[in-house]
Amino acid sequence: MAVTTRMLGRSGIEVSALGMGCWAIAGPWAEGNQPLGWGAVDDDESVRAVRRALDEGITLFDTADTYGAGHGEQVLGRALAGRRDEAVIATKWGYTFDEATRQATGEDASTAHLRRAVTGSLRRLGTDRIDLYQLHLADLPVHRAEALFAVCEELVAEGLIRAYGWSTDRTDRAAAFGHAAPGAAAVQHALSVLRDAPEMLAVCDKYDLASINQGPLGMGLLTGKYTAASTLPRDDVRGLAPGWLEWFRGGRPAPEWLRRVGAVRAALTADGRTLAQGALGWIWARSGRAVPIPGCRTVAQVEENAAALHRGPLPADQFVEVERQLAALRTAALRDADRPHWPRPTHPTTHP
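Procedures and definitions
Residues numbered from 1 in each chain as written. Predicted model: local features only at pLDDT ≥ 70, side-chain atom pairs only at ≥ 80, totals over all residues. Heavy atoms only, no water. Helix = DSSP H or I, 4+ residues; strand = E, 2+ residues; numbered from the N terminus. Rg over C-alpha atoms; globule rule 2.2 N^0.38 Å. Buried < 20%, exposed > 50% of the residue type's maximum accessible area, 1.4 Å probe, protein only. Contact = heavy atoms within 4.5 Å. Areas by Shrake-Rupley, 256 points an atom, 1.4 Å probe, with all protein chains shown as cover. Lys, Arg positive; Asp, Glu negative; His and termini not counted. Charge placed at Lys NZ, Arg CZ, Asp CG, Glu CD. Salt bridge = Lys/Arg side-chain N within 4 Å of Asp/Glu carboxyl O. Polar contact = N/O pair within 3.5 Å; in protein donor to acceptor, adjacent residues only side chain to side chain. Axes fitted to C-alpha atoms, helices over the stretch in contact; angles between N-to-C directions. Parallel < 35°, antiparallel > 145°, perpendicular 65-115°, else oblique. Left-handed = near helix turned anticlockwise from the far one by under 90°. Nonpolar A, V, L, I, M, F, W, Y, C, P; charged D, E, K, R; others polar. Disulfide = S-S within 2.5 Å. Expected span 1.5 Å × (residues − 1). Phe/Tyr/Trp six-rings, centres within 6.5 Å; stacked < 30°, edge-to-face > 60°. Lys NZ or Arg CZ within 6 Å of the ring centre and 35° of its normal.

## Observations concerning the overall build of the protein chain
Looking only at helices and strands, the protein chain has ten helices and 16 strands in total. For the protein chain, the C-alpha radius of gyration of 19 Å lies close to 20 Å, the compact-globule estimate for 352 residues. The dimensions of the protein chain, computed from C-alpha atoms along their principal axes, are 50 × 45 × 40 Å. Residues classed as buried in the protein chain amount to 56% of the 352 residues present. Long-range contacts, defined as pairs at least 24 residues apart, comprise 74% of the intrachain contacts of the protein chain with a sequence gap of at least 6. Surface summary for the protein chain: the accessible area is close to 13,400 Å², and the carbon and sulfur share equals 53%. Across the protein chain, 39 positive and 42 negative side-chain charges occur, with their mean positions spaced 4 Å apart.

## Some words on the side chain of Arg 260
Here Arg 260 shows up in helix α7 (residues 255-268). One buried charged side chain, Arg 260, makes no salt bridge at all; its nearest oppositely charged neighbour is Glu 246, positioned 7.8 Å away. A distance of 2.3 Å separates a polar atom in the side chain of Arg 260 from the backbone oxygen of Leu 194.

## Regarding the packing of helix α1 (residues 43-55) against helix α2 (residues 71-80)
The angle between the axes and the distance between the axes are what describe a pair of packed helices. For the pair α1 and α2, interaxial distance at closest approach is 9 Å and the crossing angle is 55 degrees. In terms of their interaxial angle, α1 and α2 are classed as oblique. The hand of the α1/α2 crossing is right-handed. Contact with α1, carried on its side by Asp 43, Asp 44, Ser 46, Val 47, Val 50, Arg 51 and Leu 54, involves His 71, Val 75, Leu 76, Arg 78, Ala 79 and Leu 80 of α2 and no other residues of that element. In the contact of α1 with α2, the residues fall into seven nonpolar, two polar and four charged.

## A look at the environment of Glu 99
Among the secondary structure elements, Glu 99 is positioned in the loop between β8 (95-98) and β9 (103-107). Sequence-wise, Glu 99 and Thr 231 are 132 residues apart; in three dimensions their C-alpha atoms are separated by 29 Å. Residue contacts for Glu 99: discarding those within four places in its chain leaves Ala 69, Gln 74, Arg 123 and Arg 124. Here Arg 123 takes part through its side chain, which lies 3.5 Å from a polar atom of the side chain of Glu 99.

## Comments concerning the state of the cysteines
Among covalent bonds in proteins, the disulfide is the one between the sulfur atoms of two cysteines. Enumeration over the complete set of coordinates arrives at zero disulfides. Of all cysteine sulfurs, the one in Cys 204 lies closest to Cys 152, which takes part in no disulfide; the gap is 17 Å. Unpaired in this structure, Cys 296 has its nearest cysteine sulfur neighbour in Cys 22, at a distance of 8.3 Å. Taking the relative accessible area as the measure of exposure, Cys 296 reaches 4% and is therefore buried.

## Re helix α3 (residues 111-125)
Look at α3: 21 Å from first C-alpha to last across 15 residues, which is about the 21 Å you get at 1.5 Å a residue. Looking at the buried residues of α3, the elements they touch are α2, β7 (88-93), β8, β10 (130-135), α4 (142-157) and β11 (161-167). Positive backbone phi, approximately 65 degrees, marks Gly 126, located one or two places after α3.

## Brief notes about the packing of aromatic side chains
Following the criterion strictly, the structure yields 13 aromatic pairs and no others. Linked through ring pairs, Trp 23, Trp 29, Trp 38, Tyr 67 and Trp 244 together constitute an aromatic cluster. Of note, Arg 238 hangs over the ring of Phe 248, and the distance from its end group to the ring centre comes to 5.7 Å.

## Considerations on the pattern of salt bridges
Throughout the structure, instances matching the rule amount to 29 salt bridges. Between Arg 116 and Asp 108 there is a salt bridge; the shortest N-O distance is 3.5 Å. Overlapping salt bridges, with partners in common, bring together Glu 73, Glu 99, Arg 123 and Arg 124 in one network.

What follows is the structure, encoded as structure tokens:
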């Protein structure tokens, strides 16, 4: 049974059950010598991909002001020109950057920066409102975040944003947000068949928040195109992976994650779906609140993901088989070489 739309929590905003993550189309930017983008991209193809997504019924587009040091928002705004009312735009604030040099410069959790940031995003996106505005600082102390969400309430009243959220994997942060923020709509967090998030999903259920899922395809591992021999270029964030990026090490797929992909491949593709489509179907079967936002850089990638949208959640028997395979793998002893990297550090300290 196909799944086509879901609600952004208690905001009243309806979105397609599949979004498009726009980190990968933002182009190069860096923090010193550390690349934070996915290498060079073709902006014209990115525009075509966004427009094809709209044609396929995808309405949620997730970006951040820091992606490409502002360039990502510009590309998305260009793609949505003339079709703005068909789309739900989600962007983020909190990190600082230099648009001219495309360098990340730090972070700013002040209310003054929030006001500057929303103005900058509106300008780059070429729009008069942002549908979902998300705090990008995952580990910000709750009392400091509450001051920012108070300003978000003002921005809602002013019509500059429609709802707001928090991009964090910290369940304590998400729970405090859901409890205290009147306009709380969504938490963006990691979720995939490779890494479940039961505690975060429970928070979303308790506080009626949408679960927007970053990394639903494991940054490409769940497309099936990477093997142990694959090497990513050094201008790609995966090719020179920082400490918070779990899926790749030394420019290669991390072996423990490739083992998980191998363990669930057959179950995810049993009904004729591609591996990526099966991975997205698992997320919809996992939670009725989940909205995965896989990154896309080409029209072909959009079309493959959109086909998953129209096929819907995994059937119950396939879902059970995937869980059986994963349970066996989760309890298996890991090779000593993998242990320093397992599990993922609980709280990433910086991007994405």
